[in-house]
Structure formats: C-alpha cells, structure tokens
Amino acid sequence: MTLCLPTYVVIDASSSMKQHESVLNATLARLHYNLATNPRVSEFARVCVVAFSTDVHVVIPMSDMEQVPVMPEVICGGRTEYGKAFDRVRECIEQDVGNLRMQNLDVLRPTVFFLTDGVPTDTHWREPFRKLVDRDWPRHPHVIAYGFGSAKRDVLEQVATKALFIADGSDTESALSAAITGLLNTLIASSKSGQMQIATDVKGFNYVEVAQEYVD
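First, a word on what this report is: a plain description of the structure on this page. The shown structure was predicted, so the numbers you read here are calculated from the model rather than taken from an experiment. (Residues numbered from 1 in each chain as written. Predicted model: local features only at pLDDT ≥ 70, side-chain atom pairs only at ≥ 80, totals over all residues. Heavy atoms only, no water.)

**Notes on the nonpolar core**
The tendency in soluble globular proteins is for nonpolar side chains to be buried side by side.
Thought 1: Counting residues in each nonpolar core, the largest one holds 41 residues, and the members touching the most others are V49, L115, Y146, L183 and F205.
Thought 2: Among the elements that make up this core, the one with the highest residue count is helix α6 (residues 172-193) (8 residues).
Thought 3: For L115, the contacting residues outside a window of four places in its chain are V10, I11, D12, F52, Y146, F148, L176, A179, I180 and L183.
Thought 4: Within the second largest apolar cluster, 36 residues are counted, among which are L105, A145, A151 and V210. (Core = buried A, V, L, I, M, F, W, Y, C linked by side-chain atoms within 4.5 Å. Buried < 20%, exposed > 50% of the residue type's maximum accessible area, 1.4 Å probe, protein only. Helix = DSSP H or I, 4+ residues; strand = E, 2+ residues; numbered from the N terminus. Contact = heavy atoms within 4.5 Å.)

**Here's the deal with the pairing of strand β3 (residues 56-63)**
Thought 1: As paired elements, strand β2 (residues 45-52) and β3 share 5 bridges and run antiparallel to each other. Bridge pairing in β3 links V50 to V58. (Pairing = 2+ DSSP bridges.)

**Examining the side chain of D96**
Thought 1: The topology assignment puts D96 in helix α3 (residues 82-102).
Thought 2: Buried charge D96 goes without a salt bridge, the closest partner of opposite sign being R139 at 8.8 Å.
Thought 3: Ignoring anything within four residues of it in the chain, the contact list for D96 reads Y8 and M62. (Lys, Arg positive; Asp, Glu negative; His and termini not counted. Salt bridge = Lys/Arg side-chain N within 4 Å of Asp/Glu carboxyl O.)

**Observations regarding the pattern of salt bridges**
Thought 1: Overall, the coordinates contain 7 salt bridges when judged by the stated rule.
Thought 2: Linking K18 and E21 is a salt bridge whose minimum nitrogen-to-oxygen distance equals 3.0 Å.
Thought 3: Taking the relative accessible area as the measure of exposure, K18 reaches 41% and is therefore partly exposed.
Thought 4: Relative accessible area serves as the criterion here: at 13%, E21 is assigned to the buried category.
Thought 5: Linking R139 and E94 is a salt bridge whose minimum nitrogen-to-oxygen distance equals 3.0 Å.

Shown next as structure tokens:
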C-alpha cells in the first residue's frame, strides 16, 4: 500500500494579516507549485489548506496537489479565532482519513501545520483544541506551530504537540515565507523516510522542543 500523510496547513487570515495579503497568497501559490511539481511528495503528503479568522474557510479540501490547477486566493480580515479553526480541522480529519483509506492508502497520523501572527481573540479555544488532540480519538493529529508577528510563545506552547517555531523578530512577510519553506522541507524529508521528519532549521525562527509527554 502507498503511504499517505494527511497534511493540514492552517493559516491565520485575520485583519492583522491584511497588509500582508498579497505575500500570503504568493507564498501559498509557491507551496502549491512546489508540491504540484514534485509528484513523489504530493502523492505522499495529501494536503488541505484552511484559512481562519472570524470564520473558517477550507481553501483547498484534502487533495493531491498535482491534481489542483491553481491555489484559490485568500482574503484576510476579522478576528483570530483559534477555536473555530480547531473545530473545523477535526471535522476535516474525521472525513478525510476515511476517504483516504477508501483509496487503499496506508494513512499515517495526520499532521497540522498551524501558522499565526497573533493571539487568539476567542477565550474558549482550549476546549476545541483539547478535542482535536485528544489521545482517545484515534485520528488525533500532530501539531507543528509557527508563530510570528504578535504571536505569543506561551500561547503556542499550549498548541504545539510535535514542534514549535517562534520567529526571532524577522518581519512578518519574511517569516511567513520561511515558515512555508520549513513546512515544505518537512514534507520532502518525510516523503523520503516514510515517517514524520521535521526540518528544524528554519531561517528566522527559533526551534522550540515540545515537552516529551506531548510527543508520541
């Protein structure tokens, strides 16, 4: 059976990202291009792109990026509601894993790449997050978080279950581009090994090891 890593790119599209909207879309287009032109990686890492703010929008449902003609445009604006994003990702995983298995794929544990430039504006986000990573749920994902801009390390330390990257003061646009490069390098390395291999050297970011009890 062919190995498959369900991959969720969950990206902050709140109002604080509005001034960086063109760079965000260019960066997502680069992600699409790099995956679509690397069949080995796009077959291994099936990708779903989710943009969140006051509402959550599934930009691209779980796909082989080689089969996606173009990356839709993301429009930024609204609040930074983590909870809605976690709820939607859990719904997607529940559906996607079953669909992938129906394609006779050997489905690995899902991985969420969570990219944000801010702190959550919703106060009740921890309960949706707890449900997402609940170990009693067989499909609970790894979460790799990238924080830049006004994102807070102490908040993202509660979100990251596998690895955390905190920007070292680089501007938001450079950090966003570097985070996507790190994400791509992780997917490339993982496709070669057949298991999660995190690219820890990400330009402009400090790599933070996640407490061992959260890693399995």
